[in-house]
Amino acid sequence: MRIDDAPLLPPVTFDLEHGRTLAVTGPNGSGKTTLLRVLAGVQPPSGGDVSVLGAAPDERSPTVRAGVAALLDPPPLSRSLVLAEYLALVGTSWGLELDPAIDQAEDLLAELGIAALAHRFPHELSSGQRQLYGLTLVLARPCTLLILDEPEQRLDPDRLELVARALERRKAAGTTLVLASHSPTLVAHLADERLELDEASALAER
Amino acid sequence: MRRAWRLRSTRRDVAETAYAVYVAGVMALFVVAPGVAVVIEALRNSAVLDALRSPAAPTAVTLLVGLTWAGATWVGAGFGPVTIDPPLVRLWAGTDLPRRVGLRRPFLQRAAGVVAAWLAAAALVGGVLLADDGDLRAFVLVLLASVLAGTVTAVAWLLGQAAPRRAWWLGLTVAALAVLAASWPPARWFAVVAPLVALAVPLLLDAVRGPELLAQSVRWHAAATTARYGDVQSALGDLRALPRRGRRWRALVGGPDVVRFAVADLVGTWRTTGRFVTGTGALTVAAAALAVVSGAPFGLLLGAGAALLAYLALGVFCDGLRHAAAIGARPGLLGHGTWRLFALHAVAPTVMALATAGLAITVLALAGTSPDPLPVALTLVPVLAVRAWGAAKGQIPVDLLTPVPTPMGDLSGLVVVSWLADAPLVAAGVGGGVAWLLAVGRTTDAVVVGAVVVGLLVLSLRTRVKRL
C-alpha cells in the first residue's frame, strides 16, 4: 500500500476464516491502521488482491456496508440526541423496531459500564467515555466482520476488561473480528491469530 | 494590567498605522461613501419616507430595538462579548484581580463595535431623512439615540454571558419590557435605560464565571481559526449552541423512518430553544417578505434579502443534513445509504419551511393584505435545495489556499471567500431573480427558473454525496 512513492503498508498475506479473530500488532507507523482501512473498504489498495466477505472491499457497496462494521476514528455523533437515543436510532436504521432498539441501547450501555450516561449529550462526555460510546455505536449494528482500531485507547484497566468481555461475546456469537491493538490484555483475551507488522519492513520498502 | 495587555498585543509601528489609516481613508472615500450615497438615494422615495415618518414609526422602533436587546441576551448565553485568548482567560480568571478590571478592556472593545454598528444603521436611516428635509438636528438626535441603543445592546449581550442559565428568562423579561415601553418615544426610553444599565457593567463583569468564559473563548477562537482557513462548516459547528435542556424529552417515535428522523431532528433542535425560536421567527419573516414581494418597491432586493434570511434561518434546522454529510464519509454506522440519509434529514427543514410559510401567509391574509404563495414556494424550495447542497460541500480544496501574490498583497482571501459564498449567493440570486420575474409578469419563466435551479442543485448534490 503506497501513496505516491511513500509506502504505508508493506505487502502482507493472510487468510482469516469466518468467526476467527485476528490481532494486528506492531509499532506506530507500521501500517496497522492502513491495513484496517483497506479491509473496511475506506482506502483502496495500491496493489495486490484483497477479498472481504467474498468481494473486493468498498464501503460504497451496500453488501460491504451491511456486513462490515468498523471503528477506525471517533464516529460522528448527533449533537442534539442523548446517547441512548442515538444508539436506538442506529438500531432502528438496521431494521429493529423502536422498542427493541431502545432495549438494545440500554443493554449496550450497561455492557460497557456507561448506563448512567444514557441521558447525556455527546459534548458532556470525557474522552474515555467517548471511546466507550463509540464502541457501543459500532456494536449496535449487525455485522459479519467487526474491525476495530486500537479500541483500548484512553480506557482504564477495568473498562478495558469490560470491552474485552463484550468483544468475546461477539466472537462467541460468530462475528469475525480484526483489531489493531497495543494492549496485551485485549490480544490475550481475543486473538486466535496474530499478524505482527514490522516498522522496519515498512521502512525497507521505501 | 496595561503592561500585560501591551505585551500580549501585536502593536503596529508608525508606518503600519499610517498605511492602515490611508487604506481606511481610501476605502471610506471611494467605496463606502459612494455606496452609502447610492443606498440613501435609492431609499429616498415616498414609500420609505412615509414609513419613517408615520405615527407608528416610534412604537415600531422601540419594539424592534427592545427585541434586539432580548436577542442580544440570548446570544450572550452562548457567545458573549468577552472572548479574549484562552490563555488570558486562565490568567485573569485565576488571579485575585476583580473581573471588572481584568475583563473591562475586551468588553469595551466589543461594546464599541456594537455601538458602531448601531451608528452605521442610524446614519443610513437618518441620512435618508436628512437628504429629504435637511433637518440636521433630527439627524444628530437619531445618531445619539443609536449610541444609547447600542450601549444597552452591549450590556444585554454581557447580561447573557454573565447569567447563561437564566438568559432565556432574562431575554423574555427584556422583550416584555420592550412591549410595555412601546408607547414611549424611543430616544427618551433609551436615555432612561442606557445610563442605568451602564452602571451594572462592573457587576456583570464580576459575575461572569471562569469556566463559562473559558468555554466561550475556546469556541470563538477555534471557530475563528477554522474560518480563516475556509472550513466554515467546522467553524459554524464550533459556534452553534449546544443542547443543555430537554434530555428527557421523547425524541424518538415509532413508525416510518421519515417520521422518526423528522421528529428526532425537530426535538433535537428544540433542545437549543433560543436557536429554534430565532430560526422559526426569521424563517417566518422571510416567508412573509416573499409573500408580498410581487407588489413591493425594490422587489428584486427584497426577494434576494428574504431568500438570504431564509437560507440563514433554515440552517438552524439542518443539523441532520450536516450529520448525514459527516456520517457519509465514514464506514457504515447507520443502516441507510448517504443519499437516503440526506433525504430523511431533509424532512425537518422542509416541515419548518412549510409551517412558517403557512403561518406567514395566514397572518398576512388575516391582516387584510393579499399574500402570494407563489414567490414563497418558488424561493423556499430552491433555498432548501441550496441548504442540502451546501451541507455536502466538504472542505475547501487545499489548492485554493495557495497564496495569490499581487502588487496589492495576497489575494488568496478573495478566492476563499468566493468558494465560501456560493450557497448564500445562489440563494439570494434565486430569491432576487424570482421576485423580478414575477414583478414583470413572467410567471412561467419564474417557475422554470425555480425548477431548473432545484434540478441542477440536486444533480450536483448527488455528485457531492458520492465524493463524501
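About the criteria used
Residues numbered from 1 in each chain as written. Chains lettered and ligands numbered in written order. Predicted model: local features only at pLDDT ≥ 70, side-chain atom pairs only at ≥ 80, totals over all residues. Heavy atoms only, no water. Helix = DSSP H or I, 4+ residues; strand = E, 2+ residues; numbered from the N terminus. Buried < 20%, exposed > 50% of the residue type's maximum accessible area, 1.4 Å probe, protein only. Contact = heavy atoms within 4.5 Å. Areas by Shrake-Rupley, 256 points an atom, 1.4 Å probe, with all protein chains shown as cover. Buried area = accessible area lost by both parts, 1.4 Å probe. Salt bridge = Lys/Arg side-chain N within 4 Å of Asp/Glu carboxyl O. Axes fitted to C-alpha atoms, helices over the stretch in contact; angles between N-to-C directions. Core = buried A, V, L, I, M, F, W, Y, C linked by side-chain atoms within 4.5 Å. Patch = residues over 30% accessible without salt bridge, like charges linked within 9 Å, V, L, I, M, F, W, Y side chains within 5 Å. Domains from an automatic or database assignment. Phe/Tyr/Trp six-rings, centres within 6.5 Å; stacked < 30°, edge-to-face > 60°. Expected span 1.5 Å × (residues − 1). Pairing = 2+ DSSP bridges. Parallel < 35°, antiparallel > 145°, perpendicular 65-115°, else oblique. Left-handed = near helix turned anticlockwise from the far one by under 90°. Nonpolar A, V, L, I, M, F, W, Y, C, P; charged D, E, K, R; others polar. Lys, Arg positive; Asp, Glu negative; His and termini not counted. Charge placed at Lys NZ, Arg CZ, Asp CG, Glu CD. Polar contact = N/O pair within 3.5 Å; in protein donor to acceptor, adjacent residues only side chain to side chain.

Regarding the overall build of chain B
Alright, step 1. For chain B, the count of helices and strands is 23 helices and 2 strands.
Alright, step 2. When its C-alpha atoms are laid out on the principal axes, chain B stretches across 60 × 55 × 55 Å.
Alright, step 3. By residue count, 42% of the 468 residues in chain B fall in the buried class.
Alright, step 4. Within chain B, contacts between residues at least 6 apart in sequence are counted, and of these 79% link residues at least 24 apart.
Alright, step 5. Working note: accessible area of chain B is about 23400 Å², and carbon and sulfur atoms make up 70% of it.

Details of the overall build of chain A
Alright, step 1. When you go through chain A residue by residue, the secondary structure sums to 8 helices and 7 strands.
Alright, step 2. The principal-axis extents of the C-alpha atoms in chain A amount to approximately 50 × 35 × 30 Å.
Alright, step 3. Every one of the 206 residues in chain A was classed for burial, and the buried ones make up 51%.
Alright, step 4. In chain A, the proportion of contacts linking residues at least 24 apart, taken out of those at least 6 apart, comes to 71%.
Alright, step 5. Carbon together with sulfur atoms contributes 49% to the accessible area of chain A, which is approximately 9100 Å² in total.

Topic: the interface of chain B and chain A
Accessible area lost during the coming together of the parts is what is often quoted as the interface size.
Alright, step 1. In this assembly, 31 residues from chain B lie in contact with 32 residues from chain A.
Alright, step 2. Summing both sides of the interface, chain B and chain A together bury roughly 2900 Å²; the carbon and sulfur share of this comes to 59%.
Alright, step 3. There are 2 salt bridges connecting chain B and chain A.
Alright, step 4. The residue R271 of chain B makes a salt bridge to E85 of chain A at a minimum N-O spacing of 2.8 Å.

Describing the packing of helix α4 (residues 57–78) of chain B against helix α10 (residues 186–199) of chain B
Alright, step 1. Direction vectors running N to C along α4 of chain B and α10 of chain B enclose 35°, while the axes themselves pass 9 Å from each other. Of α10 of chain B, the residues touching α4 of chain B (which contributes P58, V61, T62, V65 and W69 of chain B) are P186, W189, F190 and V193 of chain B.

Things to note about the nonpolar core
Alright, step 1. Ranked by size, the top nonpolar core spans 100 residues in total, and within it Y86, Y133 and L148 of chain A together with F342 of chain B carry the most contacts.
Alright, step 2. The leading source of residues in this core is helix α20 (residues 373–391) of chain B, at 10 residues.
Alright, step 3. Those residues in contact with Y133 of chain A that lie beyond four places of it in its chain are L77, V82, L83, Y86, L87, L109, I114 and L125 of chain A.
Alright, step 4. Core analysis: the next-biggest nonpolar cluster, separate from the first, contains 35 residues, A111, A194, V201 and L204 of chain B among them.

Things to note about a nonpolar patch on the surface
Alright, step 1. Together, Y19, Y22, V23, V26, M27, L29, F30, V31, V32 and V36 of chain B make up an exposed nonpolar region whose accessible area comes to about 960 Å².
Alright, step 2. One can find V32 of chain B in helix α2 (residues 14–43).

Looking at the domain arrangement of chain B
Residues and elements named next belong to chain B.
Alright, step 1. Segmenting chain B into domains produces domain 1 (1–43), domain 2 (50–216) and domain 3 (239–467).
Alright, step 2. The straight-line distance from the C-alpha centre of domain 2 to that of domain 3 is 30 Å.
Alright, step 3. Residue-level contacts link 4 residues of domain 2 with 8 residues of domain 3.
Alright, step 4. Summing both partners gives a buried area of about 460 Å² for domain 2 against domain 3, and 66% of it is carried by carbon and sulfur.

Some thoughts on the pattern of salt bridges
Alright, step 1. Counted by the stated rule, this structure contains 17 salt bridges over all chains.
Alright, step 2. In this structure, D133 of chain B and R53 of chain B form a salt bridge, with 2.9 Å as the shortest nitrogen-oxygen distance. Taken together, the positions of D133 of chain B in helix α7 (residues 104–133) and R53 of chain B in helix α3 (residues 46–53) put the pair 80 residues apart, joining distant regions of the chain.
Alright, step 3. Taking relative accessible area as the criterion, R53 of chain B reaches 41% and is therefore assigned partly exposed.
Alright, step 4. Taken together, the salt bridges that share partners define one network made up of E111, R169 and R170 of chain A.

Notes on the packing of aromatic side chains
All names here are of chain B.
Alright, step 1. As enumerated under the stated definition, the model contains 7 aromatic pairs over all chains in all.
Alright, step 2. Considering the side-chain rings of Y19 and Y22, the 6.4 Å spacing of their centres and the 35° angle between planes classify their relative orientation as tilted. Here Y19 and its partner Y22 are both found in helix α2, 3 residues apart, which amounts to about one turn of the helix. One exposure class covers both Y19 and Y22, and it is exposed.
Alright, step 3. Relative to F190, the ring of W69 has its centre 5.6 Å away and its plane inclined at 65°; by these criteria the two rings are edge-to-face. Of this pair, W69 sits in helix α4 while F190 is found in helix α10, placing the two residues 121 residues apart along the sequence.

Remarks on α7 of chain B
Residues and elements named next belong to chain B.
Alright, step 1. With 30 residues, α7 extends 41 Å from end C-alpha to end C-alpha; this agrees with the ideal 44 Å at 1.5 Å per step.
Alright, step 2. Listing the buried residues of α7 in full gives P106, F107, A111, V114, V115, W118, A122, G126, G127, V128 and L129.
Alright, step 3. Looking one or two places after α7, you find G134, whose phi comes out positive at around 70°.

What to know about the sheet that holds strand β5 (residues 145–149) of chain A
All names here are of chain A.
Alright, step 1. The 5 strands lie next to each other as β4-β5-β6-β3-β7, forming an open sheet whose pairing is parallel. Two strands close off the open sheet at either side, each with one partner strand: β4 (68–71) and β7 (193–196). Averaged over all pairs of adjacent strands, the angle between their axes in this sheet comes to 15°, without regard to strand direction.
Alright, step 2. Inspection of the sheet shows β4 paired to β5 by 4 bridges, in the parallel sense. Opposite V68, over in β5, you have L145 as the bridge partner.

Quick look at the packing of α20 of chain B against helix α23 (residues 443–467) of chain B
All names here are of chain B.
Alright, step 1. Interaxial distance between α20 and α23 falls to 9 Å at its minimum, and their mutual angle equals 15°. Comparing their axes, α23 and α20 come out roughly parallel. By crossing handedness, the relation of α20 to α23 is classed as left-handed. Contacts between α20 and α23 involve L374, L378, V381, P382, A385, V386, A388, W389 and G390 on the former and, on the latter, T443, A446, V447, G450, V453, V454, L457, S460, L461 and R464.
Alright, step 2. Partitioned by chemical class, the residues of the contact of α20 with α23 number 14 nonpolar, 4 polar and 1 charged.

Structural notes on the environment of L301 of chain B
All names here are of chain B.
Alright, step 1. Its location among the elements puts L301 in helix α16 (residues 299–314).
Alright, step 2. Overall, the relative accessible area of 59% leaves L301 in the exposed class.
Alright, step 3. Taking the C-alpha atoms as reference points, L301 and G429, separated by 128 residues in sequence, lie 9.8 Å from one another.

Points about a negative patch on the surface
Alright, step 1. Side chains of E97, D99, D103, E106 and D107 of chain A sit close together on the surface and give a patch of like negative charge.
Alright, step 2. Looking at D107 of chain A, the relative accessible area reads 53%, which means it is exposed.

Describing the side chain of R141 of chain A
Alright, step 1. With respect to the helices and strands, the residue R141 of chain A is situated in the loop between α5 (127–139) and β5.
Alright, step 2. One polar contact links the side chain of R141 of chain A to the main-chain carbonyl oxygen of V68 of chain A, over a distance of 3.1 Å.

Topic: the side chain of T25 of chain A
Residues and elements named next belong to chain A.
Alright, step 1. One can find T25 in strand β3 (residues 21–25).
Alright, step 2. Engagement of the side chain of T25 in a polar contact is seen with the side chain of R194, the distance being 3.4 Å.
Alright, step 3. With sequence-adjacent residues up to four places away left out, T25 is seen in contact with K32, S181, V187, R194, L195, E196 and L197.

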